[in-house]
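A look at the structure
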Amino acid sequence: MKFIGTTVAAIALTFSGFVFAESPAAGDVEKGKEIAAGICAGCHNADGNSAIPLYPILAGQYPGYIAKQLNDFKVVEGETVKRDNQIMAPMVATLSQDDIENLAAYYSQQKPQPGTASDASLVETGKKLYQGGNLENSIPACSSCHSPNGQGIPPHYPRIDGQHPAYTLSQLQAFRQGTRKNDTNNTMQTIVSRMSEQEMQAVSEYIATLR
Ligand code: HEC
Ligand code: HEC
């Protein structure tokens, strides 16, 4: 009993420490807004609701996830770039950790606009895969980590609901090609390696309709 008690306490401690370290609201929203207006708005829109299919909607995303992505885009000499992207790399090059926290705080507090599918005929197929996976090819249900309504589970599992289908598809392809390898346990890379192009397209269309 004593052993179990100690173990449980240790886990509880680790867990609360972890949650504390990741807790949001570390950034300054007003400062984030200023940088966003100066550098990012041209592509992601002033409030993070990008109108361009390949530029992701950032509004309402979890701050811990946004901050992680901004760091992952950074090109550090002698290290493999975790998320290799020629457009975002120069954007993050001069951002300090404070800037990153402030931007993450700002975008996380903006309200996302509802998304739409670009090919409604694929939505039903995408829904089946999202909710139930594909047992035959060992593809897990996306809902198990990104939640049934696409709201994710902070801080590690991002929101994906309402995202532009073209952007979502581009990320599934990037995970497959290995240009995006910033997933600690290779979760997404493993999943997409088992998906067909049609499955990736269909699930991206369904995700756009989630809210
Ligand atoms: C010239 C257009 C452009 C500008 C300016 C720009 N971005 Fe981006 N952003 C992109 C594109 C394109 C992607 C998708 C990259 C990819 O495919 O990995 C992206 C991706 C991101 C992501 C990842 C989102 C996710 O869901 O994983 C974040 C966060 C982000 N940008 C924040 C910013 C911030 C903050 C700024 C300003 C400092 C900025 N961007 C400026 C085009 C731009
Ligand atoms: C076991 C958990 C897990 C499952 C199941 C899962 N994901 Fe993910 N997904 C993640 C994690 C973790 C990340 C964030 C990786 C990172 O830190 O960049 C992610 C990121 C993503 C992103 C990038 C979001 C963005 O804003 O750039 C997309 C798109 C995505 N997942 C789609 C899917 C789809 C579609 C499925 C089902 C076929 C799925 N995921 C199943 C854990 C999961």
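Before any of the text, the structure's been laid out above.
Residues numbered from 1 in each chain as written. Chains lettered and ligands numbered in written order. Predicted model: local features only at pLDDT ≥ 70, side-chain atom pairs only at ≥ 80, totals over all residues. Heavy atoms only, no water.

1. Observations regarding the coordination of the iron atom of ligand 1
Here is the rule we go by: Note: metal donors comprise N, O and S atoms at 2.8 Å or less from the metal (3.2 Å for Na, K and Ca); water molecules are not included, so apparent gaps in a site are possible. Angular criteria define each label, namely tetrahedral for four donors with all angles between 85 and 135 degrees, square planar for four and octahedral for six donors with opposite donors over 155 degrees apart and remaining angles between 65 and 115, and irregular for whatever fails these tests. Helix and strand assignments follow DSSP, with helices taken as H or I runs no shorter than four residues and strands as E runs no shorter than two, numbered in order from the N terminus. For the exposure calls, accessible area comes from a 1.4 Å probe over protein chains only, and a residue counts as buried if that area is under 20% of its type's maximum, exposed if over 50%, partly exposed in between.
Bound to the iron atom of ligand 1 are the protein donor atoms His44 (NE2) and Met88 (SD), situated 2.0 to 2.3 Å from the metal. Each of the six donor atoms bound to the iron atom of ligand 1 contributes to angles spanning 85 to 178°, and the resulting shape is octahedral. With histidine 44 in helix H2 (residues 29-44) and methionine 88 in helix H4 (residues 88-92), this residue pair connects regions lying 44 residues apart in the sequence. On the basis of relative accessible area, methionine 88 is assigned to the buried category, the value being 17%.

2. Quick notes on the site of ligand 2
Convention followed: Here a residue is near a molecule or strand as soon as one of its heavy atoms is found within 4 Å of it. What qualifies as a polar contact is a pair of N or O atoms within 3.5 Å, subject to a donor-acceptor requirement within protein and to the restriction that residues adjacent in sequence count only when both atoms come from side chains. Throughout, the ten residues Ala, Val, Leu, Ile, Met, Phe, Trp, Tyr, Cys and Pro are labelled nonpolar, Asp, Glu, Lys and Arg are labelled charged, and all others, Gly among them, are labelled polar. Domain start and stop positions are those given by an automatic or database domain assignment.
If you check the shell around ligand 2, you find 26 residues, and the closest are Cys142, Cys145, His146, Tyr167 and Met188. Within the side chain of lysine 68, one N or O atom sits 2.8 Å away from an oxygen atom of ligand 2. Contributing elements (two or more residues each) for the shell around ligand 2: helix H3 (63-72), helix H7 (143-146), helix H8 (165-177), helix H9 (187-192) and helix H10 (197-209). When residues of the shell around ligand 2 are assigned to their parent elements, the largest contribution, four residues, is made by H8. Partitioned by chemical class, the residues of the shell around ligand 2 number 15 nonpolar, eight polar and three charged. If you count residues domain by domain, the shell around ligand 2 takes at least three from each of domain 1 (29-108) and domain 2 (120-209).

3. Quick look at the environment of serine 144
Tracing the backbone through its elements, the reader meets serine 144 in helix H7. Sequence-wise, serine 144 and glycine 132 are 12 residues apart; in three dimensions their C-alpha atoms are separated by 9.1 Å. From its side chain, serine 144 meets the backbone oxygen of alanine 141 in a polar contact 2.7 Å long.

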